[in-house]
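Residues per chain are reported as follows:
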Amino acid sequence: MINVAIMGHGVVGSGVAEILINHNERIAKRIDKQINVKHILDLRDFDVPYSDKFTKDFNDILNDDSVSVVAEVMGGINPAYDFVKACLEAGKSVVTSNKELVAAKGAELIKLANQKGVSFLFEASVGGGIPVLRPMANCLAANEINEIWGILNGTTNYILNKMIVDNMDFDTALKLAQDLGFAERNPAADVEGHDACRKICILAALGFGKHVYPDQVQTEGITNISLDDVEYADGFGAVIKLIGHAKKQENGTIIASVRPTLVSREHILSSVNGVFNCVVVDGDQTGEVAFYGKGAGKEATASAVVADIIDAIRHSGVKKYLNWQDGYEGYVDCFIDEIGKFYITLKGNDYEALKPEFIAAFGDCFESYVFNEYRKEIAILTKELSKSQVKAKLAAMTQLNEYKILHTML
Ligand code: HSE
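Keep in mind that this is a model prediction, so the values were computed, not measured.

Asker: Please clarify how the packing of aromatic side chains should be interpreted in this entry.
Answerer: For any pair of aromatic rings, the description consists of the separation of the ring centres together with the inter-plane angle of the planes. For the structure shown, the criterion picks out 15 aromatic pairs. Ring centres of F58 and F83 lie 4.0 Å apart, and the angle between their planes is 5 degrees; on these two criteria the pair is classed as stacked. Here F83 lies in helix α4 (residues 80-89) and F58 lies in the loop between β3 (54-55) and α3 (59-62), a separation of 25 residues in the sequence. By the burial criterion, F58 is buried, and F83 matches it. Relative to F371, the ring of F358 has its centre 6.1 Å away and its plane inclined at 80 degrees; by these criteria the two rings are edge-to-face. Of this pair, F358 sits in helix α13 (residues 351-362) while F371 is found in strand β14 (residues 366-372), placing the two residues 13 residues apart along the sequence.

Here it is in structure tokens:
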């Protein structure tokens, strides 16, 4: 019998408890060992059939030598960081779904797990129920990873999809995502891109070998995206998706971003809908490999946590952790002048005067444009330009008083 503890009984934590308790026999047959949920830490009271397992005191877990694996599913940095560190120091393996913790403290906790000879696993921190970190570390081990793209946040993908397919406004779609249990406790973390940022940090760290900190990633959410943008994008043969991206550069630095992006309808990421996530990894031997599945939700995420618990039990006595080194300032290049096709909307003091100014400024540097007479707005898809070239053109337009620029995968 293996005793485990669960820290947190929210959406994911209750899912982990239910899988381990309701499917106990199935798991026991598979791993030849019975898993016993001995403690569940939460300050709240719950009326559930396993209410005898609850404690409000972390020390009940820390000081229980019979508990060898602890699942941290509380979220946030504090007190999760202190609790995880204490468990690892006490020689307990830890599995977590907490992307905020791994993105902020991953390198340090990996080092500690290594010193203590225990497992530190966090498959559920990226892509919910999608197996992506373990396959990247194991199955792509023969590859040099060059680039990673992903739809990494189920809530924003659900919202954008509702806007694209049902013409639904932003707030109604967000409310639906919250009701379905996809959103973070504070949905600002979803819609402002921070959740996806943490996930691209983890993917980049694993893929390229060095810790990437969230404040090194250029992050922009979807709060600025309107139904008009969705419609213009459609006219340009694209859909708007929140894309996490990381790429290795020849000088050893990387670039990393999370931003709303126009994705060509031909690209695999354009057809990732609803709460689904997809991570595309470019390995030098495999070429592009895609990992697809439910990126949020109770059962899917709990499935990944339980798989990590099973992995830690199976490899008890053998340290098992995903690995990367510390990062450093300057490792992520924030000043690169990226080149691509840009989507731009322009509004001016005098719409009629803005039109010839736009033509003069952009010359033949656009692929397509729309004069929206109703909104008195111009929407443009440029040819390949650098962002500084785009900014210079905009700076030359005296009538311009409002603009929006999005990157594209076109
Ligand atoms: N709020 C997150 C999402 C949950 O919507 O993807 C899974 O990390």
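Moving on from the coordinates now.
Asker: Hey, could you run me through the site of the ligand in this one?
Answerer: Around the ligand lies a shell formed by K99, N153, G154, T155, F182, A183, E184, D190, D195, K199, G295 and A296. A distance of 2.8 Å separates a nitrogen atom of the ligand from a polar atom in the backbone of F182. Out of a free accessible area of 260 Å², the ligand has 94% covered by protein chains. In this structure, the ligand is accommodated by the largest pocket. Contributing elements (two or more residues each) for the shell around the ligand: α7 (154-166) and α10 (194-208). Residues of the shell around the ligand, tallied by class, amount to three nonpolar, four polar and five charged.

Asker: Got a minute to help me understand the environment of M74 in this structure?
Answerer: One can find M74 in the loop between β4 (67-72) and α4. In the structure, M74 is positioned 63 residues away from V11 in sequence and 9.6 Å away in space, judged by C-alpha atoms. For M74, the contacting residues outside a window of four places in its chain are M7, G8, P79, A80, F83 and R185.

Asker: What am I meant to see in unusual backbone geometry here?
Answerer: Excluding glycine, residues mostly carry a negative phi; peptide bonds, for their part, are mostly trans. The step from N78 to P79 runs through a cis peptide bond, and the omega angle for that step is 5 degrees. Its identity is not glycine, yet D32 carries a phi of approximately 65 degrees, on the positive side. The phi dihedral of N167 is positive, around 60 degrees, even though this residue is not glycine. Mapping N167 onto the fold places it in the loop between α7 and α8 (170-179).

Asker: What is the right way to look at the domain arrangement of the protein in this model?
Answerer: In many reports, interface size means the accessible area that the parts give up when they come together. For the protein, the assigned domains read domain 1 (2-131 + 299-314), domain 2 (133-294) and domain 3 (339-409). Distance between the C-alpha centres of domain 1 and domain 2: 26 Å. Counting residues at the interface gives 24 residues for domain 1, matched by 21 residues for domain 2. Roughly 1700 Å² is buried in total at the junction of domain 1 and domain 2, and carbon and sulfur atoms are behind 61% of that figure. Here R198 and E100 are joined by a salt bridge, their closest N and O atoms 3.7 Å apart. Here domain 1 is connected to domain 2 by nine residue pairs in polar contact (both at pLDDT 80 or more). Going through the elements one at a time, α5 (99-116) and α12 (298-314) are the ones with two or more residues in the side of domain 1 that touches domain 2. Broken down by element, the residue count for the side of domain 1 that touches domain 2 peaks at eight residues, all from α5. Of the residues assigned to the side of domain 1 that touches domain 2, the class counts are 12 nonpolar, six polar and six charged.

What counts and how
- Residues numbered from 1 in each chain as written.
- Predicted model: local features only at pLDDT ≥ 70, side-chain atom pairs only at ≥ 80, totals over all residues.
- Heavy atoms only, no water.
- Phe/Tyr/Trp six-rings, centres within 6.5 Å; stacked < 30°, edge-to-face > 60°.
- Helix = DSSP H or I, 4+ residues; strand = E, 2+ residues; numbered from the N terminus.
- Buried < 20%, exposed > 50% of the residue type's maximum accessible area, 1.4 Å probe, protein only.
- Near = heavy atom within 4 Å.
- Polar contact = N/O pair within 3.5 Å; in protein donor to acceptor, adjacent residues only side chain to side chain.
- Areas by Shrake-Rupley, 256 points an atom, 1.4 Å probe, with all protein chains shown as cover.
- 1 Å grid on protein atoms, 1.4 Å probe; cavity = no way out; pocket = protein on both sides within 12 Å on 5 of 7 lines; lining within 4 Å.
- Sits in = over half its atoms within 2 Å of the grid points.
- Nonpolar A, V, L, I, M, F, W, Y, C, P; charged D, E, K, R; others polar.
- Contact = heavy atoms within 4.5 Å.
- Domains from an automatic or database assignment.
- Buried area = accessible area lost by both parts, 1.4 Å probe.
- Salt bridge = Lys/Arg side-chain N within 4 Å of Asp/Glu carboxyl O.

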